[in-house]
Amino acid sequence: MMIAFLNSTAFTALGTPTTWAEVFGFVSGAWCVYLVGRQSILNWPIGIANNLVWILLFATAGLYADSGLQVVYIVLAVWGWSNWARGRDEDALPVTGTNTTEWSVLAVVGVAAVIGLTALLEVATNSTVAFWDATTTVLSLLATWGQAKKRWESWLLWIVADLIYIPLYLHKGLTLTALLYAGFLLLCIRGLVAWRRSMAVERQLVEVQ
C-alpha cells in the first residue's frame with residue numbers, strides 16, 4: 001500500500017507527472033546535502049531516509065544501478081555516521097585532503113568499477129543509459145567514501161556527478177529530481193567552500209598550538 005502511494009502522482013508540471021516518491025526524495029535529499037555542508041551529523045539519518053525512497057524511485061525509472069546504489073549508500077551512511085560520532089566534540093573528525101596514494105587507488109578502482117558495472121547493466125538489465133548510470137553510481141560511491149572520511153575533495157566528485165545526473169534525469173522524465181540535482185550542485189559548491197574554510201581554520205589552530 002505504501003509503495004502504491006509513493007508511485008502515485010503527486011502533481012503534474014509541464015505535462016510531466018511527478019510521484020510522491022520523487023517529492024519525498026526532493027525534500028529529504030536537499031535537506032541532507034544542506035546538513036552535510038554544515039557538518040551536521042543529522043545528515044546521515046536524513047540521508048538514509050532519502051535512500052529508502054530512491055530505491056523505489058530509480059527502480060521504477062529503469063535506473064537500476066542508481067537503485068542498487070542506495071543500498072550501498074545505507075551501509076556507507078552507517079559507517080560515516082559512526083565516524084562522525086566518535087569522541088567528544090573537540091575530538092570530532094576534522095576536514096582533511098586526499099593524499100596521492102588515495103587518489104591513485106580511487107582512480108584505479110573507479111575506472112574498473114565503471115567498466116564492470118556498465119558491462120553488467122548491459123547484460124543483466126534493459127537499461128538504455130548503462131554507461132552513464134554506471135559512471136554516476138561509481139562517482140557517488142567514491143564521493144560518499146570521501147564524505148564519510150571528511151575529505152574536502154568529495155565535494156568535487158559530487159559536483160561532477162551532479163553535472164551528469166541533471167541531463168540524465170531529464171532524459172528519464174524525472175523533472176523534479178533533475179531540478180533537485182541542480183539545487184544539489186549549488187549546495188555542493190557551498191559545501192566545498194565551507195569545508196575548505198573549516199580546514200583552513202583547523203590548520204591555523206594547529207599552528208597556534
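Residues numbered from 1 in each chain as written. Predicted model: local features only at pLDDT ≥ 70, side-chain atom pairs only at ≥ 80, totals over all residues. Heavy atoms only, no water.

**A word on the UniProt feature "transmembrane region" (unreviewed entry) in the protein chain**
Within this numbering scheme, the UniProt entry marks residues 52-82, 103-121, 152-170 and 176-195 as carrying the feature "transmembrane region" (unreviewed entry). Helix makes up 100% of residues 103-121 and strand 0%, with an end-to-end C-alpha separation of 26 Å. Summarising residues 176-195: 100% helix, 0% strand, and an end-to-end C-alpha distance of 28 Å. (UniProt positions renumbered as here; feature names shortened; annotations may be inferred. Helix = DSSP H or I, 4+ residues; strand = E, 2+ residues; numbered from the N terminus.)

**Describing the pattern of salt bridges**
This structure, assessed with the given rule, holds one salt bridge. Ionic pairing is found between Glu 102 and Arg 151, a salt bridge with its closest N-O pair at 2.8 Å. One end of the pair, Glu 102, is in helix α5 (residues 100-124); the other, Arg 151, is in the loop between α6 (130-148) and α7 (154-171), and 49 residues separate them in sequence. Take Glu 102 and Arg 151: they sit in the same class, and that class is buried. (Salt bridge = Lys/Arg side-chain N within 4 Å of Asp/Glu carboxyl O. Buried < 20%, exposed > 50% of the residue type's maximum accessible area, 1.4 Å probe, protein only.)

**Things to note about the packing of aromatic side chains**
What the rule picks out here adds up to eleven aromatic pairs. Both rings, one in Phe 131 and one in Trp 132, keep their centres 4.9 Å apart while their planes meet at 70 degrees; by these two values the pair is edge-to-face. For the ring pair Tyr 165 and Tyr 169, a centre distance of 5.1 Å and an interplane angle of 15 degrees mean the geometry is stacked. Taken together, the residues span about one helical turn, with Tyr 165 and Tyr 169 both in helix α7 at a distance of four residues. Here the two residues Tyr 165 and Tyr 169 agree in accessibility, since each one is buried. An aromatic cluster is defined as three or more aromatic residues linked by ring pairs; in this entry it consists of Trp 54, Tyr 165, Tyr 169, Tyr 181 and Phe 184. Here the basic side chain of Lys 150 rests over the ring of Trp 84, its NZ or CZ set 4.5 Å away from the ring centre. (Phe/Tyr/Trp six-rings, centres within 6.5 Å; stacked < 30°, edge-to-face > 60°. Lys NZ or Arg CZ within 6 Å of the ring centre and 35° of its normal.)

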